[in-house]
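Now for the letters of each chain:
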Amino acid sequence: MRRIAQVAFPRESAHHFLSMDYDVVIIGGAFSGAATALMLKRRCPNARVLIIEKTTEFDRKVGESTTEVSSCYMTRILGLTHHLGHHHLPKQGLRLWFSQHPEQSFDDCVELGARYGARLAGFQVDRATLDTHLLEEAVKIGCELMRPAKVTLLQLHDGGEQVITLDFRNDQRAIRARWMVDASGRAAMIARKLGYFRPNLEHPINAVWARFTGVKEWDSYEWREKFPGMANACRTSREWATNHLMGYGWWCWIIPLRGGDVSAGIVYDSRIFDLPAGATLAQRLYNHLISHPVGRAIFGEAQAIEGDVHAFSALPYWSEKVCGNGWAAVGDATGFIDPLYSPGLDFCSFTSYYVANFLSRSLAGENISALLDYYNTQYPVTYRRWFESLYQDKYFYMGEADLMSAALLLDVASYYIGLVRPVYRDPEWAFARLPFEGRPGRIAASMIRFYRRRLVALAKNRAAAGRLGEMNSGWRELYDGFVPDFRLRKQIGQGLRRWCRAEWRNLTMSPRRAQSPPTTCAVIPTEAQRSRGIPSNIA
């Protein structure tokens, strides 16, 4: 790993900073806040950094998967390889499961995923454990910590003294600092205070999740005897993958956690899907999981852990401005799009690295106005292009196995070309800028957006013709694995062929004759659900 340069404060700026209580105050001690603090102290060992954390200890967040980019940041930049290897589970890629009807056999469901083990490191992380370790590392290197402490007032002054008032140990304190960093997550304290917080109304998704015990093992001896063909087709373990159940307007994650619990949840587009009925939120989630044949096989005897069920509505949001001369936002305090493909920690990685970089340069006496302008200009561009390219209206074709096959191959290949290759080639250079920047970023976003729009149109045509889910049985597609070099041509070719076949099928498709409605289940949309969002001119 390239050694990070350390900087010293110029004498004239040191006197000014020392008149304040701290050089930098960070609100939030979870991943983004602790990572920013750690990187800043490595660059500026003499910087006075305070972390304010509202909780006594981190609670168990949703089970979370890392991507290749966030794994690179955690291992090569933050130096967490040892911790990740000993306290979290290795991730064996992404695996998608599609169904046509509720009584379908497990081995007849369509499976998309890797045939072999992952080529690049990935992890199934327990965020409470990860956040705790990272915060401890920041304290070890010299950061101060106030915990639990509740922020009650923020006073921001452009280019001057930032004041934060908080309750700590039954005492109210006012703390002065040159810089304030918002790592408060969805609370987005500064963005909301200054009026920059924006909900993403174009993407009305909600999430419900819980942890379960008694979940069936994916690679059990029992299943190997019952489904030998399916078992022998895969050379890696399905158990350690991020398994997803897919349907019209929704997807479910199934993530194993160290200790045996399993995190499971649903993300759904409220325009086209509703959770099934149930006495409690946990029961509604469970009823949905077992409506999918694969989910029923996995969760048939499972139980949700009492008191460990959570929900979020209106998941996506963004901040119109992410920094000023005296403050900056990182991680989820800047925005959030969608948990599919696990981009959350990617945003945390890019923003925490970038902010730590310009804070260290500011404390060294540099003029960083250009860096602030870049962050404010490029972040909304990154957010918008990421959303429009990968996620906008994707839930209309989420349950179509062949369309998602094309999308998965092309999406992941594009991700490897645009982000994975640069961060592994030169992590310090790559994380010092934001994705989708400049002309190359604009061209890449346009290309991805084009095929995404076509797949949405194909799915809407199928819905209008009553032909959703017809490709969701009797085949599986297992990939050799993605690697950040010329071998990506194979996956790109596969994706393009899938897309072309779907276009040809669309040209020759006729409306299905009227039939009795299928058995009610999550994998087959109702007529009302199919009709939502479908333009009247599509037939």
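Residues numbered from 1 in each chain as written. Predicted model: local features only at pLDDT ≥ 70, side-chain atom pairs only at ≥ 80, totals over all residues. Heavy atoms only, no water.

As for the overall build of the chain
Check the secondary structure of the chain and you find 17 helices and 22 strands. What you see for the chain is a C-alpha radius of gyration of 24 Å, in line with the 24 Å of a compact globule of 539 residues. For the chain, the C-alpha atoms occupy an extent of roughly 80 × 50 × 40 Å along the three principal directions. Looking at the chain as a whole, 59% of its 539 residues are labelled buried. Considering only contacts within the chain whose residues lie at least 6 apart along the sequence, 78% involve residues at least 24 apart. Accessible surface computed for the chain: about 22,200 Å², of which carbon and sulfur atoms make up 51%. Where the 66 positive side-chain charges of the chain centre and where its 54 negative ones centre are 5 Å apart. (Helix = DSSP H or I, 4+ residues; strand = E, 2+ residues; numbered from the N terminus. Rg over C-alpha atoms; globule rule 2.2 N^0.38 Å. Buried < 20%, exposed > 50% of the residue type's maximum accessible area, 1.4 Å probe, protein only. Contact = heavy atoms within 4.5 Å. Areas by Shrake-Rupley, 256 points an atom, 1.4 Å probe, with all protein chains shown as cover. Lys, Arg positive; Asp, Glu negative; His and termini not counted. Charge placed at Lys NZ, Arg CZ, Asp CG, Glu CD.)

Remarks on the sheet that holds strand β3 (residues 64-65)
The sheet built from three strands is open, its strands ordered β3-β7-β4 with antiparallel pairing. The outermost strands of the open sheet, each flanked by one partner alone, are β3 and β4 (89-90). Sheet topology places β3 next to strand β7 (residues 123-125); two bridges connect them, and they run antiparallel. Bridging across to β7, S65 finds its partner in Q124. (Pairing = 2+ DSSP bridges.)

Structural notes on the packing of aromatic side chains
Following the criterion strictly, the structure yields 32 aromatic pairs and no others. It is R186 that lies over the ring of F312; its NZ or CZ is 4.5 Å from the centre. Geometry around W475 places R498 over its ring, the cationic atom sitting 4.1 Å from the centre. (Phe/Tyr/Trp six-rings, centres within 6.5 Å; stacked < 30°, edge-to-face > 60°. Lys NZ or Arg CZ within 6 Å of the ring centre and 35° of its normal.)

Considering helix α2 (residues 31-43)
The end-to-end C-alpha separation of α2 is 18 Å, in line with the 18 Å expected for 13 residues at 1.5 Å each. Across the 13 residues that make up α2, a large majority, twelve, are buried. Looking at the packing, one finds that the buried side of α2 touches β1 (22-27), β2 (49-52), α3 (68-77), α5 (127-140) and α11 (344-363). (Expected span 1.5 Å × (residues − 1).)

Re the pattern of salt bridges
Summed over all chains, the structure comprises 29 salt bridges. Between E161 and R176 there is a salt bridge, and its shortest N-O distance comes to 3.2 Å. Placement of the pair is E161 in the loop between β9 (149-155) and β10 (162-168) and R176 in strand β11 (residues 171-182), with a sequence separation of 15 residues. The partner of E222 in a salt bridge is K216, and the shortest N-O contact between them spans 2.9 Å. (Salt bridge = Lys/Arg side-chain N within 4 Å of Asp/Glu carboxyl O.)

Notes on the pairing of β11
Bridge count between β1 and β11: five bridges; the pairing is parallel. When the bridges of β11 are listed, V24 appears paired with W179. Where β10 lies against β11, seven bridges are found, and the strand directions are antiparallel. Bridging across to β11, T165 finds its partner in A174. Two successive antiparallel strands, β10 and β11, enclose a turn made up of two residues, where R169 displays a positive phi of approximately 55 degrees.

Details of unusual backbone geometry
With an omega of -10 degrees, the peptide bond between R147 and P148 qualifies as cis. Relative to the assigned elements, P148 resides in the loop between β8 (144-146) and β9. A positive phi is found at R169, a non-glycine position, where the angle reads about 55 degrees. Locating R169 in the fold gives a position in the loop between β10 and β11. Judged by its relative accessible area of 67%, R169 is exposed. Phi is positive for D393, close to 60 degrees, though the residue is something other than glycine.

Comments concerning the nonpolar core
Buried together is how nonpolar side chains tend to be arranged in soluble globular proteins. Counting residues in each nonpolar core, the largest one holds 118 residues, and the members touching the most others are V24, F31, Y73, L78, F358, M404 and F431. Element by element, the count of residues in this core is highest for helix α13 (residues 401-425), at 16 residues. Excluding residues that lie within four positions of it along the chain, V24 makes contacts with L40, R48, V49, L50, W179, V181, L359 and L363. Formed by 28 residues, the second largest nonpolar core is a distinct cluster that contains A210, F212, C252 and V262. (Core = buried A, V, L, I, M, F, W, Y, C linked by side-chain atoms within 4.5 Å.)

With respect to the sheet that holds strand β6 (residues 110-114)
Taking strand neighbours across the sheet as the criterion, the eight strands line up as β17-β13-β16-β15-β14-β5-β6-β22 in an open arrangement whose pairing is mixed. The open sheet terminates on both sides in strands that have one partner only, identified here as β17 (303-312) and β22 (476-479). Strand after strand, the sheet turns through a mean of 15 degrees between neighbouring axes, direction not considered. Along the sheet face, helix α9 (residues 281-289) touches β13 (205-213), β14 (242-247), β15 (250-256), β16 (262-269) and β17 and points at about 90 degrees away from the line of β13. (Axes fitted to C-alpha atoms, helices over the stretch in contact; angles between N-to-C directions.)

Considerations on the packing of α13 against helix α15 (residues 438-465)
In contact at an axis separation of 11 Å, α13 and α15 are set at 170 degrees when each is read in the N-to-C sense. Taken together, the axes of α13 and α15 lie roughly antiparallel to each other. Each of D402, L403, A407, L410, D411 and S414 in α13 lies in contact with α15, whose residues at this interface are I448, Y451, L455, L458, A459 and R462. Classifying every residue of the contact of α13 with α15 by side-chain character gives eight nonpolar, one polar and three charged. (Parallel < 35°, antiparallel > 145°, perpendicular 65-115°, else oblique. Nonpolar A, V, L, I, M, F, W, Y, C, P; charged D, E, K, R; others polar.)

Section: α15
Taking 1.5 Å of rise per residue, the 28 residues of α15 would be expected to cover 40 Å, and the 41 Å separating its terminal C-alpha atoms lies within 8% of that figure. Looking at the residues trailing α15, positive phi occurs at G466, about 70 degrees.

Some thoughts on the side chain of D269
With respect to the secondary-structure elements, D269 resides in strand β16. Assessed through its relative accessible area of 0%, D269 is described here as buried. Within polar-contact distance, the side chain of D269 engages the side chain of R271 at 2.7 Å. Residues contacting D269, with those up to four places away along its chain left out, are P204, I205, G249 and Y395. (Polar contact = N/O pair within 3.5 Å; in protein donor to acceptor, adjacent residues only side chain to side chain.)

With respect to the packing of α2 against α11
Contact geometry for α2 and α11: axes closest at 8 Å, N-to-C directions at 35 degrees. The handedness of the crossing between α2 and α11 comes out as right-handed. Residues F31, S32, A35, T36, M39, L40 and R43 of α2 lie in contact with α11, whose contacting residues are L345, C348, S352, Y353, V355, A356, N357, L359, S360 and L363. The residue makeup of the contact of α2 with α11, split by class, is eleven nonpolar, five polar and one charged. (Left-handed = near helix turned anticlockwise from the far one by under 90°.)

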